[in-house]
Amino acid sequence: MRSWPTKTLALGGDYNPEQWPRPVWDEDIALMQRANISFVSLGIFSWSWLEPAKGEYEFEWLDTIMDKLHAAGIAVDLATATATPPPWLSAAHPEILPVDVDGHTLWPGSRQAWCPTSPVFRDYALALTRQLATRYHDHPGLAMWHVSNEYACHNLPCYCDECARHFRTWLRRRYERLDAVNDAWGTAFWSQRYTDWEQILPPRRSTTFNNPTHVLDYKRFSSDALLEHMRGERAVLVELSPGVPVTTNFMTLQHFRHLDYTQWTPTVDVVSTDHYIVDTLPHPRAELAFSGDLTRGLAGGAPWMLMEHSTSAVNWQPTNHAKAPGQTIRDAIAHVARGADTIGWFQWRQSRAGSEKFHSAVVPHAGADSARFREVEQLGRIAARLGELVGSRVEARVAILHDYQAIWAAEGPCMPSSELDALEAAQAIHRQLHDRGVTADVVHPGADLAAYAVVVVPQLYLVTDEHAAAVAAAARAGAQVLVTYFSGISDEHDHVRLGGYPGAFRDLLGVRVEEFFPLGPGETVALTAGAGTWWSEDVTALPGTEVVSRYAAGPLQGRPAVTRRSGGDGEGSAWYLSTLPEDAVLGTLVDDVLAAARVEPTVTGLPRGVEATRRSDGERSWLFLLNHANAELSVPGRGYDLVADTVVDGAVRLAPGGVAVLRED
Amino acid sequence: MRSWPTKTLALGGDYNPEQWPRPVWDEDIALMQRANISFVSLGIFSWSWLEPAKGEYEFEWLDTIMDKLHAAGIAVDLATATATPPPWLSAAHPEILPVDVDGHTLWPGSRQAWCPTSPVFRDYALALTRQLATRYHDHPGLAMWHVSNEYACHNLPCYCDECARHFRTWLRRRYERLDAVNDAWGTAFWSQRYTDWEQILPPRRSTTFNNPTHVLDYKRFSSDALLEHMRGERAVLVELSPGVPVTTNFMTLQHFRHLDYTQWTPTVDVVSTDHYIVDTLPHPRAELAFSGDLTRGLAGGAPWMLMEHSTSAVNWQPTNHAKAPGQTIRDAIAHVARGADTIGWFQWRQSRAGSEKFHSAVVPHAGADSARFREVEQLGRIAARLGELVGSRVEARVAILHDYQAIWAAEGPCMPSSELDALEAAQAIHRQLHDRGVTADVVHPGADLAAYAVVVVPQLYLVTDEHAAAVAAAARAGAQVLVTYFSGISDEHDHVRLGGYPGAFRDLLGVRVEEFFPLGPGETVALTAGAGTWWSEDVTALPGTEVVSRYAAGPLQGRPAVTRRSGGDGEGSAWYLSTLPEDAVLGTLVDDVLAAARVEPTVTGLPRGVEATRRSDGERSWLFLLNHANAELSVPGRGYDLVADTVVDGAVRLAPGGVAVLRED
Amino acid sequence: MRSWPTKTLALGGDYNPEQWPRPVWDEDIALMQRANISFVSLGIFSWSWLEPAKGEYEFEWLDTIMDKLHAAGIAVDLATATATPPPWLSAAHPEILPVDVDGHTLWPGSRQAWCPTSPVFRDYALALTRQLATRYHDHPGLAMWHVSNEYACHNLPCYCDECARHFRTWLRRRYERLDAVNDAWGTAFWSQRYTDWEQILPPRRSTTFNNPTHVLDYKRFSSDALLEHMRGERAVLVELSPGVPVTTNFMTLQHFRHLDYTQWTPTVDVVSTDHYIVDTLPHPRAELAFSGDLTRGLAGGAPWMLMEHSTSAVNWQPTNHAKAPGQTIRDAIAHVARGADTIGWFQWRQSRAGSEKFHSAVVPHAGADSARFREVEQLGRIAARLGELVGSRVEARVAILHDYQAIWAAEGPCMPSSELDALEAAQAIHRQLHDRGVTADVVHPGADLAAYAVVVVPQLYLVTDEHAAAVAAAARAGAQVLVTYFSGISDEHDHVRLGGYPGAFRDLLGVRVEEFFPLGPGETVALTAGAGTWWSEDVTALPGTEVVSRYAAGPLQGRPAVTRRSGGDGEGSAWYLSTLPEDAVLGTLVDDVLAAARVEPTVTGLPRGVEATRRSDGERSWLFLLNHANAELSVPGRGYDLVADTVVDGAVRLAPGGVAVLRED
């Protein structure tokens, strides 16, 4: 019956009509039609308006707007409205409030003030979900269910006693025996041996560093606790509203790392995500591309849904910069270039009150008579033409491994460097590929690696034997495998693999590392060419391993810095970076790896500054070009530009900030 | 009977004799006489010495020192001693302790550890006030009552349950209906709709940003809660000690913003304030002048009382710099130049123990045989001559609007920039005026603006319709109105005024802004002349509005930056600054505005680096000159210099750091 | 029977066999023998493995490893294992958990989560100590008792109600009368007068600065509370295991200042300490030397024991740098050069799990086949030769006064500068001496100063009359006394000494200071030669006091900066530094002081960059030379180099990073 993604490249966004008097609703719908909006997410923060008292429901307003939207041909992604409980609920049941690591209760007054394991909260949330599913499952305007919202954005981890109880249950399920917990956590040290399950607590604020595996398991538990919640809501929807796709919006931003989305994808019929640009990042545009490639990886390569992004400034950064003219269009298409088939904004109409009143929207405070709204209208016309590529897939021959659990472990207490971001290498290498017009899938180590010519293993600190074996198998099968420093160090319990680093990859790489020499922020070490950053190591290249470059100064002078080893009989090889070379040197290395793998850029002759990806449906292909430079640039190409609505015969000319989507001849 | 200000320019300060053995008291009084000290504030932190147990009073020591002071001709500003409760009170009633946003109890051990709404604390405080008023109302040495001390310096806001109850009462009084609260706070968003008054809590630490209007109303409530306290003490004093003026010391420092003093002025018979120089400010001297102009504004232009400042270093900054030789005199006169008729220091004799032992005092640790004490003695001689100008008023033809409630709203959560100080524009423009020898009154938007030739509206983010109308009326009446970016944005509920910024001033200014482009710290944007800082905007100048300068680079290149529009039929006009130009450019603009308003500097030919103000009593006038430069400077003038005690015939020569007060011929 | 230090220069370290399966134990012992390890500390974090439930003990594993070690000739420093209680104990008695200043409970999950005054914890700890002493007192492998571990590293101060009760008892003992507390704390200010002992609380988070003497007394109390604990354990050991030396490992690192070790030394039979290099310090090598000189001072000049240091990186700094090749040896010998006769590492075998898995160890993750282990083996061979100097003492003719209580007071709230470290001057002067090859004892002001030619009094803010008199006596007796700014300011109650700074030393120095002019970080003031940092003062040189240098700019221009005054009849003199001159100027001044005292460097002709100390036993002497420069350097000398195992005939040639220990002819 219903399906998502839709047949068209859908534009839409969060719509919160309860903020506005009813006359505005009709104006909203007329403007949506003007801008070619084809869906809205409804009811995300409406609990207190749908159920103003326990068991008393007010659906009239929702009926009305659902009907109006449907009449206007606008599909509804209907929220279960359980993201934020109403004041009456936490007033009656303060035990649902989350507690932070210091023991502070986090009070209501903003959003998502609920404990992930609270059975009371869960009962109320499922009751509301049940009501909504019963009432709206057959509403013709209903296109999808939107469960909760940005799970874990604000209420994870919780350290309350209820979570302590659930954590013990989770541990019993994972380990069965208490001795197995003691072994996994290494409680032999610091007198931490547990002799009864009831002694186990969340890793609350202690006198100094908490046990790292305890902390890691609490992150796993916390992600699972919310996943359990998601499963609960999904079960209600599947039962009462069969055939309607279900999603919840992930947050595949660089700094959001609370949930292991790999575990979550089975619970959504469409992978959807939110993305916001963080100005203070050194490479915000590359981060957007990385996020898209990661989201596509979670979706198994299938098209996905950008549930939220912003038309212009957000309101939660220190200084919130507006987007430049044209950037609203360019950013939206940047997500499509990475596999999105749906583009949503938060939110439709800019609030005049409340916490998000200075978050930009499709209809700004200035109203529809504004450059920003006109830009959305223009995008609406472009989106109509882009409809032809819906369902097509992004081409990539490079995989970058990404594992939230490995990130969690690497972010644990007492590491060699707490100043090194766990994604530093992944994003640096991704950026080099991006700059060369080479697209990478960001995938879990458990993904099928067979199709990739290059497999990048960046700071994969914790790795299971099985995943390490899969990487080795890829090299044996002919892939170029590029492993960086601080990979393969520990197993799933975060026990260090002994005998020399990088334990899990030592044989594959043919190196043995005795000791880490991490570098602080801004610190560098000279290499035979250029300099290394963030990390260095005392590497011994085993016989048969080629030394590509060496340290040229400091305590490691003369020791290998970058090595390469044949992956087996075929053409595969395993490269090892014991440091993160500065960009130019890293780029040259990436060139060498790509050459060895015979991976070509998306477009030959791509000028630096233009981002390029390709989507194809097997028959046709579409070339996405985004000019991030301040100068007009020209890219070889031939076909039909869906953005400019013109035929291209030889070269696409891109103004500064310009975008083209070329259906290639 | 008694009155304040006195007939002389009074010197004095906080006197805490309970810190010293009685023989020191006599030495103190002898030294006070040597230094021409004419008043002391007594008993500010004496509760535990006046009432060592519930209902048991020890007044003998206070009787003695009151008598001694009176015998020596030194007036007493007697504290109600309620600023800090004694240990026995909080031990018996720990429920009076304040609670911070995280839920921490703030324990006794320093000062002011009491909850602003505690009925228990209030009962005890009023009982002590009653005792003091009964005992001393007719003491001949009593000149004034000093209620509490630096209200809100340390105990605001409190988030305890008692405050929650009082907050609900306050809300009922303000809004009457719960729906009005929901409307005002915009609870339609984030599921915050309240269905019972009891659900409302203080804006305690939540999972993320609290509702901005909730936060704003809590600031209003907190200020009002202490004001209620002040009213309670005043009522006792008015009843039992009629005819004695009552004050409490405000804190008109840049960073103290807890209380809306505009609401407080009716409760004091004399506006008094404390001021301390913060070395880490970029422009500490300008901040002192701003504070004086603000205090005068609160006093309605009348002379005011500097209750506390320091002779030299304070002890609560990271590094506490001593004052330079001569600065004790110069700083004191700087306050007189802004309208003070009384000059007090904290404190008379430097403590040898306790928290303030390294806070400078009139009598330092080194004793009276010290340069610092001799400087105060010299000031005492100057003060005797300055007595002739007591009661005179400072002349100003420029008003700068200042509203604590607008500041609170601008400091709320989730703003376009959290890095922009709410007073940035006010102080930048004030500093330009100050540098030109043009004095400004810093006044509330509800003040009478009729007398001003220039009205500056700096970052007046929140503004009521009534106040916006008053500004427009000033322009129509012929004033030059200078409005800056981020003014007129929201109404009293902090609801954004729709249709284009700056909503409340859009018609007056003839501009329409679609979007903000805030700039971070240190970020600049090129203008046709110079550069803008902190902010920029997408401005459209409506027909009839003159574009004074434009953005010259970046996303707003070519758009108007500064505009001017005729204010009506007369000579008035309304200027708009959509950015904060760097000092030189801002100075030129200020020159243009002053020229249009025909406002002349206090002295023609004033060299840069000399601060100049004028006080007059209708018949005579006194010119204050303070040389902040490192070179000797000369200012045209003719008359009698009360500082140097010499006749000036043509030019005042000011040594570096020098001061003159010229009774003008 | 047993004694410590041993006859040999003992190498050893923390050994935690419970982390490893038994087969590893045998490998451990074989490797220990290879590396000439002669002692291990055992059981430090073993409580949960020794007593898995209340009163149920598991000693079999400890018996086994004790026997194995003894059989291998490796002595055991056996811990009482009470440093960290097992989970079952805090689960049964959560009242033993410490509480921080904010009121947070600090939960178990790391280490040392116990309240210093908890009687429950104490009972359990003494019971375990009793068990261990009973079982092992006559074990032939037992060489020493190791009580608890790094007292106060993580659980001090605690602010719980139990501590409040003990604090009151401590105060009653110290002051007897409540009025004496009121006087000492200066409660006359800020209404803090106590009228009942029960009103007194720990200095918990208050509304603003806590009372400084209250805070100081709480630090004294907290140190004493743990000392009481130490005494309790020691009493059990002395009773049940007579004749076995007892120690606990101090932490004489720059930033660890919780305990007044001067009070603690009577409770240990051997002074032992831990030391870790903090990379982020500006002068980490000088800090190591300072720590050694301080530890020796605590030991009264006797040899001491380095219980813990690291072979390479630690794991608790932001970026943990590995040691350079050779540095493991050099650092170990650096401690011996300062008087250590025992060298221990934390820990023997690097953990594969838990909080310290990335802390380096003797046997790293890479195993014994590693450069780091081979370096330890090499040190083992060197240590055998160094055995001949065991028991010898370090020569020093300079004393630097150091008092934890003075540091505590100087670190109190509301000081003239909170940015100035209390050890800034001590370490700067120590570094100048160190750079010149002049060794200093860092001793308590109560130490016998008779033997010293130079006595340095650096920032001795708080000083008793008795200690001030001892300093004056030293000058009278002929010593050069060098006093810096901010010394002698307050008495034992932290009451400022009136009449002009530096009160306690005013007569000795012949200066009178009226006011401090502290300088912020990076701020400087010009002197007649060079510049001063951190501090300046308004100094008057009294008649008979020589002005050595003056301020050359700023508010103090022309005022004395450095002075000197004859100490009496003899050759002694008293120098005063009212600022901290930059290194070059300070160095010249130190040269002048040393010349006046006729103190020669350890070696004539010592090149800059080489650290030199001398140990002697009255008959023989050993010269320690450590080359910290990057170039080969040569030092005059003649004898036998125990490190290189060669005869030196005229000059020791030291490679970069090289070390020599010359038995001098």
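Residues numbered from 1 in each chain as written. Chains lettered and ligands numbered in written order. Predicted model: local features only at pLDDT ≥ 70, side-chain atom pairs only at ≥ 80, totals over all residues. Heavy atoms only, no water.

**Student:** Run through the overall build of chain A, naming residues and quoting values.
**Tutor:** Helix and strand counts for chain A stand at 17 helices and 27 strands. The globule rule puts the C-alpha radius of gyration for 665 residues at 26 Å, and the 26 Å found for chain A is close to it. Projected onto its principal axes, the C-alpha coordinates of chain A cover approximately 75 × 75 × 45 Å. Within the span of chain A, comprising 665 residues, buried residues form 68% of the whole. Here the analysis covers contacts within chain A between residues at least 6 apart in sequence; of these, 72% occur between residues at least 24 apart. Per element, the accessible surface of chain A, about 20900 Å² overall, is 50% carbon and sulfur. (Helix = DSSP H or I, 4+ residues; strand = E, 2+ residues; numbered from the N terminus. Rg over C-alpha atoms; globule rule 2.2 N^0.38 Å. Buried < 20%, exposed > 50% of the residue type's maximum accessible area, 1.4 Å probe, protein only. Contact = heavy atoms within 4.5 Å. Areas by Shrake-Rupley, 256 points an atom, 1.4 Å probe, with all protein chains shown as cover.)

**Student:** An account of the sheet that holds strand 13 (residues 454-457) of chain A is needed here, citing residue identities and associated values.
**Tutor:** Residue and element names in this part refer to chain A. As summarised here, the arrangement of the seven strands in space is 12-11-13-14-21-20-19, forming an open sheet in which the pairing is mixed. Strand pairing shows two members of the sheet lacking a second neighbour, strand 12 (440-443) and strand 19 (546-550), which therefore form its edges. Sheet twist, expressed as the mean angle between neighbouring strand axes with direction ignored, is 20 degrees. Contacts between helix 14 (residues 424-435) and the sheet are confined to strand 11 (398-401), strand 12, strand 13 and strand 14 (480-484), with strand 11 contributing the most and set at about 165 degrees to the helix. Relative to the sheet, helix 17 (residues 583-597) contacts strand 11, strand 13, strand 14, strand 19, strand 20 (560-566) and strand 21 (573-577), its axis offset from that of strand 21 by approximately 175 degrees. (Pairing = 2+ DSSP bridges. Axes fitted to C-alpha atoms, helices over the stretch in contact; angles between N-to-C directions.)

**Student:** Please give an account of the interface of chain A and chain B that cites residues and values.
**Tutor:** How big an interface is tends to be reported as the loss of accessible area on association of its parts. Contacts between chain A and chain B engage 59 residues on the former and 53 residues on the latter. Taken together, both faces of the contact between chain A and chain B bury some 4600 Å²; the carbon and sulfur share is 56%. Linking chain A with chain B are three salt bridges, by the criterion used here. With a shortest N-O distance of 3.4 Å, Arg193(B) and Glu58(A) are connected by a salt bridge. Linking chain A with chain B are 33 residue pairs in polar contact (both at pLDDT 80 or more), by the criterion used here. Sorting the residues of the side of chain A that touches chain B by element identifies helix 2 (47-50), helix 4 (87-92) and helix 12 (371-386) of chain A as the ones contributing at least two each. Taken together, the residues of the side of chain A that touches chain B break down into 26 nonpolar, 23 polar and 10 charged. (Buried area = accessible area lost by both parts, 1.4 Å probe. Salt bridge = Lys/Arg side-chain N within 4 Å of Asp/Glu carboxyl O. Polar contact = N/O pair within 3.5 Å; in protein donor to acceptor, adjacent residues only side chain to side chain. Nonpolar A, V, L, I, M, F, W, Y, C, P; charged D, E, K, R; others polar.)

**Student:** Before we move on, can you summarise the relation of the copies chain C and chain A with the specific residues and values?
**Tutor:** Both copies of the chain are related by one operation, a rotation about an axis with a shift along it. For these two chains of identical sequence, chain C goes onto chain A by a turn of 120 degrees and a shift of 0.0 Å along the axis, with RMSD 0.1 Å. Here the two chains are linked by the operation of a three-fold rotation axis. For chain C, the smallest separation between a C-alpha atom and the rotation axis is recorded for His104(C), amounting to 5.0 Å. (Least-squares fit on C-alpha atoms with pLDDT ≥ 70 in both.)

**Student:** Pulling in residues and values, what's your account of the pairing of strand 8 (residues 304-308) of chain C?
**Tutor:** All names here are of chain C. With respect to burial, strand 8 is a largely interior element, five of its five residues being buried. Alignment of strand 7 (residues 272-274) against strand 8, held across three bridges, turns out to be parallel. Bridging across to strand 8, Ser-272 finds its partner in Met-305. Taken together, strand 7, helix 10 (residues 284-298) and strand 8 form a β-α-β motif whose crossover is right-handed. (Right-handed = clockwise from strand over helix to strand, strands pointing away.)

**Student:** Give a detailed account of unusual backbone geometry, specifying residues and quantitative values.
**Tutor:** Cis peptide bonds are those with omega within 30 degrees of zero, and the linkage from Leu156(A) to Pro157(A) qualifies with -10 degrees. Phe346(C) connects to Gln347(C) through a cis peptide bond whose omega is -10 degrees. Residues other than glycine seldom take positive phi values, yet Trp534(A) does so here, at roughly 70 degrees. Tracing the sequence through the fold places Trp534(A) in the loop between strand 17 (531-533) and strand 18 (537-541). Relative accessible area serves as the criterion here: at 17%, Trp534(A) is assigned to the buried category. Of note in this structure, Asn36(C) is not a glycine but carries a positive phi near 60 degrees. Of note, Asn36(C) is situated in the loop between helix 1 (22-34) and strand 2 (39-42).

**Student:** Please give an account of the pattern of salt bridges that cites residues and values.
**Tutor:** Residues and elements named next belong to chain A. One pass over the full model with this rule turns up 129 salt bridges over all chains. Ionic pairing is found between Asp-341 and Arg-615, a salt bridge with its closest N-O pair at 2.6 Å. In this pair, Asp-341 sits in strand 9 (residues 340-345) while Arg-615 sits in strand 23 (residues 610-616), placing the two residues 274 residues apart along the sequence. Arg-615 matches Asp-341 in its accessibility class, with the two residues each being buried. Here Asp-369 and Arg-374 are joined by a salt bridge, their closest N and O atoms 3.0 Å apart. For Asp-369, a relative accessible area of 48% gives the class partly exposed.

**Student:** If you had to explain helix 12 of chain A to someone new, which residues and values would you point to?
**Tutor:** Between the first and last C-alpha of helix 12 of chain A there are 22 Å, a value that for 16 residues agrees with the 22 Å anticipated at 1.5 Å per step. Taken as a whole, helix 12 of chain A has its buried residues at Arg372(A), Phe373(A), Glu375(A), Val376(A), Glu377(A), Leu379(A), Gly380(A), Ile382(A), Ala383(A) and Leu386(A). Among the structural elements, strand 1 (10-15), helix 1 (22-34), helix 11 (327-337), strand 9 and strand 27 (659-664) of chain A together with strand 15 (511-516) of chain B are those in contact with the buried residues of helix 12 of chain A. (Expected span 1.5 Å × (residues − 1).)

**Student:** So what's going on with the confidence of the model for chain A? Which residues, and what values?
**Tutor:** Confidence in the prediction of chain A, expressed as mean pLDDT, is 97, and 99% of residues score 70 or more. Scoring of the predicted complex yields 0.97 for pTM and 0.97 for ipTM. (pLDDT = per-residue confidence, 0-100.)

**Student:** For the interface of chain C and chain A, give the residues involved together with the corresponding values.
**Tutor:** Contacts between the two partners involve 59 residues from chain C and, on the opposite side, 53 residues from chain A. Roughly 4600 Å² of surface becomes buried between chain C and chain A when both sides are summed, with 56% attributable to carbon and sulfur atoms. For the chain C face of the interface with chain A, the top three residues by lost area are Trp107(C), Arg352(C) and Phe358(C), together amounting to 15%. Summed over the shared surface of chain C and chain A, the number is three salt bridges. Residues Arg372(C) and Glu515(A) are paired through a salt bridge, measuring 2.8 Å at the closest nitrogen-oxygen approach. Summed over the shared surface of chain C and chain A, the number is 33 residue pairs in polar contact (both at pLDDT 80 or more). Elements with a minimum of two residues in the side of chain C that touches chain A: helix 2 (47-50), helix 4 (87-92) and helix 12 (371-386) of chain C. Within the side of chain C that touches chain A, the residues separate by chemical class into 26 nonpolar, 23 polar and 10 charged.

**Student:** How would you sum up the packing of helix 6 (residues 161-175) of chain C against helix 8 (residues 212-240) of chain C? Please name residues and give values.
**Tutor:** All names here are of chain C. Two numbers describe how helix 6 lies on helix 8: the axes approach to 10 Å, and their chain directions differ by 100 degrees. With respect to helix 8, the axis of helix 6 lies roughly perpendicular. Only His-214, Asp-217, Tyr-218, Arg-220, Phe-221 and Asp-224 of helix 8 make contact with helix 6, whose side of the interface consists of Cys-163, His-166, Phe-167, Trp-170, Leu-171, Arg-174 and Tyr-175. (Parallel < 35°, antiparallel > 145°, perpendicular 65-115°, else oblique.)

**Student:** Can you lay out the nonpolar core for me, pointing to particular residues and giving the numbers?
**Tutor:** In summary, soluble globular proteins display a tendency toward joint burial of nonpolar side chains. Residue and element names in this part refer to chain A. Ranked by size, the top nonpolar core spans 186 residues in total, and within it Leu-42, Leu-62, Leu-69, Trp-145, Ile-333 and Phe-505 carry the most contacts. Broken down by element, the residue count for this core peaks at eight residues, all from helix 5 (residues 119-136). Discounting chain neighbours no more than four positions away, the residues touching Leu-42 are Tyr-15, Pro-17, Leu-62, Ile-65, Met-66, Leu-69, Val-76, Asp-77, Leu-78 and Ala-79. (Core = buried A, V, L, I, M, F, W, Y, C linked by side-chain atoms within 4.5 Å.)

**Student:** Any details on the relation of the copies chain A and chain B? Residues and values, ideally.
**Tutor:** For these two chains of identical sequence, chain A goes onto chain B by a turn of 120 degrees and a shift of 0.0 Å along the axis, with RMSD 0.0 Å. The share of interface residues of chain A whose copies in chain B are also at the interface is only 2%, consistent with the copies meeting through different surfaces.

**Student:** Now, about the pairing of strand 1 (residues 10-15) of chain C: what can you tell me, with residues and values included?
**Tutor:** Residues and elements named next belong to chain C. Where burial is concerned, most of strand 1 is hidden: six out of the six residues are buried. Here four bridges tie strand 1 to strand 9 (residues 340-345), and the two strands are oriented parallel to one another. Looking across to strand 9, one finds that Ala-10 is bridged to Thr-342.

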